[in-house]
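Each chain, written out:
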Amino acid sequence: EADIYQTPRYLVIGTGKKITLECSQTMGHDKMYWYQQDPGMELHLIHYSYGVNSTEKGDLSSESTVSRIRTEHFPLTLESARPSHTSQYLCASSDRTGYADTQYFGPGTRLTVL
Amino acid sequence: QQQVKQSPQSLIVQKGGISIINCAYENTAFDYFPWYQQFPGKGPALLIAIRPDVSEKKEGRFTISFNKSAKQFSLHIMDSQPGDSATYFCAVDFGNEKLTFGTGTRLTIIP
């Protein structure tokens, strides 16, 4: 099993609160990703990073921000949570095993904004 | 935007039967096509992947078939078991160092 951790696993919070979802990996991977997963399953890439001090927006527009100050740590922050942010957030990291990248996912954070 | 179309959205198969999930992509792909499996409460995990220098790859009960000219690939699960009940995602590497995932298939194996 991959060594990638997300905390908290579940979070219920009121509108307007600032939240940070934590993601850490102990595999030394340079690439890390944040996905938002709909209740209907689809995975949407919202942020990614190729290494320290590198962050890019993904395919799905998101009001969240990310930072990458350390290789192993890739937190996601919402400055002011809204009910529309209610979703599952998955963090992943990847390495290049031979031919192509393999992504390793954390268990996810299920966020509910009231 | 590069797209990966996955079907069906949900699938119910009797125990012992064959489960088939299909994916199609547009544009040029980098030539790496993985499938991920996700159980409830867990993140997706790599199940099996194929490079297009072969048209088929088999690992145990799981087989990927690949048709490069049609830009289609599929996952076959032989002798499907209740433990295979999960959500399956195909993915395509379009060469931009990211994976583009399909929309997912929720597979249920009934006794």
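All values reported here derive from a predicted model rather than from experimental measurement.

The rules behind the values
Residues numbered from 1 in each chain as written. Chains lettered and ligands numbered in written order. Predicted model: local features only at pLDDT ≥ 70, side-chain atom pairs only at ≥ 80, totals over all residues. Heavy atoms only, no water. Pairing = 2+ DSSP bridges. Helix = DSSP H or I, 4+ residues; strand = E, 2+ residues; numbered from the N terminus. Axes fitted to C-alpha atoms, helices over the stretch in contact; angles between N-to-C directions. Salt bridge = Lys/Arg side-chain N within 4 Å of Asp/Glu carboxyl O. Buried < 20%, exposed > 50% of the residue type's maximum accessible area, 1.4 Å probe, protein only.

Novice: I'd like a rundown of the sheet that holds strand β7 (residues 62–67) of chain B, residues and numbers included.
Specialist: Residue and element names in this part refer to chain B. In space, the five strands of this open sheet follow the order β1-β3-β8-β7-β6, with antiparallel pairing throughout. Two strands close off the open sheet at either side, each with one partner strand: β1 (4–7) and β6 (56–59). Strand-to-strand twist of the sheet, defined as the mean angle between neighbouring strand axes without regard to direction, takes the value 15°. The pairing of β1 with strand β3 (residues 19–25) spans four bridges and is antiparallel. Residue K5 lies in a different strand from β3, and its bridge partner there is A24.

Novice: Describe the sheet that holds strand β3 (residues 19–25) of chain A, naming the residues involved and giving the relevant values.
Specialist: Residues and elements named next belong to chain A. Pairing within the open sheet is antiparallel, and its four strands lie in the order β1-β3-β8-β7. Looking at the sheet topology across the chains shown, the edges are occupied by β1 (4–7) and β7 (65–66). Judged from the three bridges that link them, β3 and strand β8 (residues 76–78) form a sheet pairing that is antiparallel. Considered in β8, the bridge of T20 is made with T77.

Novice: Provide a residue-level description of the pattern of salt bridges, including the pertinent values.
Specialist: Residue and element names in this part refer to chain A. On inspection of all chains with the given rule, the structure shows eight salt bridges over all chains. With a shortest N-O distance of 3.9 Å, E79 and K18 are connected by a salt bridge. With E79 in the loop between β8 and β9 (87–97) and K18 in the loop between β2 (10–13) and β3, this residue pair connects regions lying 61 residues apart in the sequence. Judged by its relative accessible area of 53%, K18 is exposed.

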